[in-house]
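Chain by chain, the residues run as shown.
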Amino acid sequence: MSAADMRQAKPEERFELAIERIAKGGDGIGVGPDGRVVFVDGGVPGDLVEVRITVDKKRFRRGEILDVIAPSPHRVEPPCPHVADGCGGCDWQHISVSAQHDLRIRIVTDALERIGKIVAPPVTAGASLAPERYRSTIRAAVDGDRAGYRAAQSHRVVVPERCRTAHPLAEQILIEGRFPGASEVTIKVGANTGERLVIVSPSAVGCSVPEGVGLIGRDELDNGAAAAITDTVDGVELRISADSFFQSRTDGAEALAAAAAEMIEGAADGPLVDAYCGGGLFAALLGGERSVTGVESSRSSLADARFNLGPDAAVHEALVEQWWPSPAAVVIADPARAGLGKPAVDVLVATGATTLVLVSCDPASLGRDAALLIAAGFTLREVRVFDMFGHTSHIETVAHFERGKVARP
């Protein structure tokens, strides 16, 4: 945004605003008196609020709520007391759980319509997941010797005495662990095995965690040390190393894999490609009788995938957009938040697969990638929205594309 597009907001500029909808990042959206869109942190569709403008740009504005004049029927008192302390771990605790569910579906639908240019996209709800006590992976900052969450849009650390969204095995570490001299910790928990690991940056020297919890410093990992936990998903045991990606909740990983399994049921016989395979979650659960190829660029995740999938799987170290495609009947892709983009879409299309399942954690990326896949000859059959991250605006989806087939009614 150029300086010419910026305007200095007047400190006294305030007005009443009706919150009409919600943005993908969780902000409420209304239309101000001058016709410009106003984004409001903490706004809920149905609210009438008094706002003060804090950011004034040519095409939109941002405001902060001074008063809730008439609350939305979906507005609730945040169940966690640390919201009042400014904790940035959960940005939707002021919205009822049922409304959170509906808003996620609305945000995904809007992204597919607006960005993907898809008319009446087939968006449905995924399997139900508990909104609390679920996070089995936590990345936390350290204040003094205690781990906590950053305050919203701040470096300040809020140290919780309880965390409603953390899995109990992770919460114990968050509350009881002591990390003098550390700047950051990552907590990994095997929800089904009970195994636990804490990675401390820069060093674990002098740190303490509950009995039975593994502890390793970033300095040790950088010098070649290794550490991992195992967890089971749908009965399949998986190794998850200290630096490897895994879904933030084990039951969520199982729900995503179950949805993908339904979507590839009846797909043509032939190989399965697990793109951005991480530790091999989808290939391990869905490969079945198919030959399996994994593609992954993280060396830690790559080692886990080779371990978890065994010698019969071909696991390649490569960026997907730079990988030379091998023939496949089915592709499952679980990219990072940035999504696929055209180079990766072109590579996956070149596999010849007629069934493609795309796991996405960003509605805007999903909308763009859906348009690219449709332009390449695929039809969007279904998008399932999962409440993977209760009390937050984060969204996880599983989308089913088929090449050369008409969507079912």
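Our subject is the structure that appears above.
Residues numbered from 1 in each chain as written. Predicted model: local features only at pLDDT ≥ 70, side-chain atom pairs only at ≥ 80, totals over all residues. Heavy atoms only, no water.

**Quick look at the nonpolar core**
For clarity, the cut-off: Here, the term nonpolar core denotes a set of buried Ala, Val, Leu, Ile, Met, Phe, Trp, Tyr and Cys residues that are joined through side-chain atoms within 4.5 Å. Only protein chains enter the accessibility calculation, which uses a 1.4 Å probe. A residue is then buried if its area is under 20% of the maximum for its type, exposed if over 50%, and partly exposed in between. A run of H or I in DSSP becomes a helix once it reaches four residues, and a run of E becomes a strand once it reaches two; helices and strands are each numbered from the N terminus. Any two residues having at least one pair of non-hydrogen atoms within 4.5 Å are treated as being in contact.
By size, the foremost hydrophobic cluster in this structure holds 40 residues, and its most contacted members are Val108, Leu112, Leu340, Leu348, Leu356, Val383 and Phe401. Those elements giving two or more residues to this core turn out to be helix H1 (97–114), strand E17 (272–275), strand E20 (330–333), helix H7 (341–349), strand E21 (355–360), helix H8 (363–375), strand E22 (378–386) and strand E23 (396–403). Among all residues touching Val383, those that are not within four sequence positions of it are Val108, Leu112, Pro122, Val123, Thr124, Leu366, Thr397, Val398 and Ala399. Counting residues in hydrophobic clusters, the runner-up holds 36 residues, among them Leu221, Ile240, Ala253 and Ile264.

**Structural notes on the pairing of strand E7 (residues 60–70)**
In regular strands, side chains alternate between the two faces of the sheet. Here is the rule: Here the rule is simple: two strands pair whenever DSSP picks up at least two bridges between them.
Sheet analysis places strand E5 (residues 37–40) next to E7, joined by four bridges and oriented parallel. Within the sheet, the bridge partner assigned to Phe39 lies in E7 and is Arg62. Relative to E7, strand E6 (residues 48–57) is paired through eight bridges, and the arrangement is antiparallel. Among the inter-strand pairings, Glu50 is bridged to a residue of E7, identified as Asp67. Linking E6 to E7, which pair antiparallel, is a turn of two residues.

**Focus: the sheet that holds strand E9 (residues 137–143)**
The pairing of strands in a sheet happens through backbone hydrogen bonds and is either parallel or antiparallel. Read across the open sheet, the six strands follow the order E11-E10-E9-E12-E13-E14; overall the sheet is mixed. Of all strands in the sheet, those with a lone pairing partner are strand E11 (157–158) and strand E14 (214–217), marking the two edges.

**Let's talk about the packing of H7 against H8**
Counted only if it meets this: Only C-alpha atoms enter the line fits that serve as axes; for helices the fit covers just the stretch in contact. Angles between N-to-C directions range over 0 to 180 degrees. Should an angle fall under 35 degrees it is taken as roughly parallel, and over 145 as roughly antiparallel, whereas 65 to 115 is taken as roughly perpendicular and any remaining angle as oblique. Note on convention: the crossing is left-handed when the near helix lies turned anticlockwise from the far helix by less than a right angle, right-handed when the turn is clockwise.
Contact pair H7 / H8: the axes reach a minimum separation of 10 Å and the direction vectors enclose 40 degrees. If you check the angle between H7 and H8, you find them oblique. For the pair H7 and H8, the crossing hand works out as right-handed. In this structure, H7 uses Gly341, Lys342, Val345 and Val349 to contact H8, whose residues at the interface are Arg368, Asp369, Leu372 and Leu373.

**As for the side chain of Arg104**
Within the secondary structure, Arg104 is located in helix H1. Residue class for Arg104 comes out buried when judged on its relative accessible area of 1%. Residues within four places of Arg104 in sequence aside, it is in contact with Trp92, Val385, Phe386, Asp387, Phe389, Gly390, His391, Thr392, His394 and Ile395.

**Observations regarding the packing of H1 against H8**
The condition that has to hold: Only Asp, Glu, Lys and Arg are considered charged, only Ala, Val, Leu, Ile, Met, Phe, Trp, Tyr, Cys and Pro nonpolar, and every remaining residue, Gly among them, polar.
H8 packs onto H1 with a crossing angle of 35 degrees between their chain directions and a minimal axis gap of 8 Å. The two elements H1 and H8 cross, and the hand of that crossing is right-handed. Contact residues: H1 offers Ile107, Val108, Ala111 and Leu112, while H8 offers Pro363, Ala364, Leu366, Gly367 and Ala370. Per-class residue counts for the contact of H1 with H8 are eight nonpolar, one polar and no charged.

**A look at unusual backbone geometry**
Note: most residues except glycine have negative phi, and most peptide bonds are trans. Cis geometry marks the peptide bond from Ser201 to Pro202, where omega comes out at 0 degrees. Locating Pro202 in the fold gives a position in the loop between strand E13 (196–201) and E14. You will see that Lys117, though not glycine, has its phi angle at about 60 degrees, which is positive. Residue position: Lys117 is located in the loop between H1 and strand E8 (123–125). For Lys117, a relative accessible area of 65% translates into the label exposed. A positive phi angle, close to 45 degrees, is found at Ala120, a residue other than glycine. Within the element layout of this structure, Ala120 appears in the loop between H1 and E8.

**Here we look at the environment of Val185**
Topologically, Val185 is positioned in strand E12 (residues 184–189). Relative accessible area serves as the criterion here: at 0%, Val185 is assigned to the buried category. Sequence separation between Val185 and Ser201 is 16 residues; the distance between their C-alpha atoms is 6.2 Å. Dropping the residues within four chain positions of it, Val185 is found in contact with Ile138, Arg139, Ala140, Val142, Ala147, Phe179, Val198, Ile199 and Val200.

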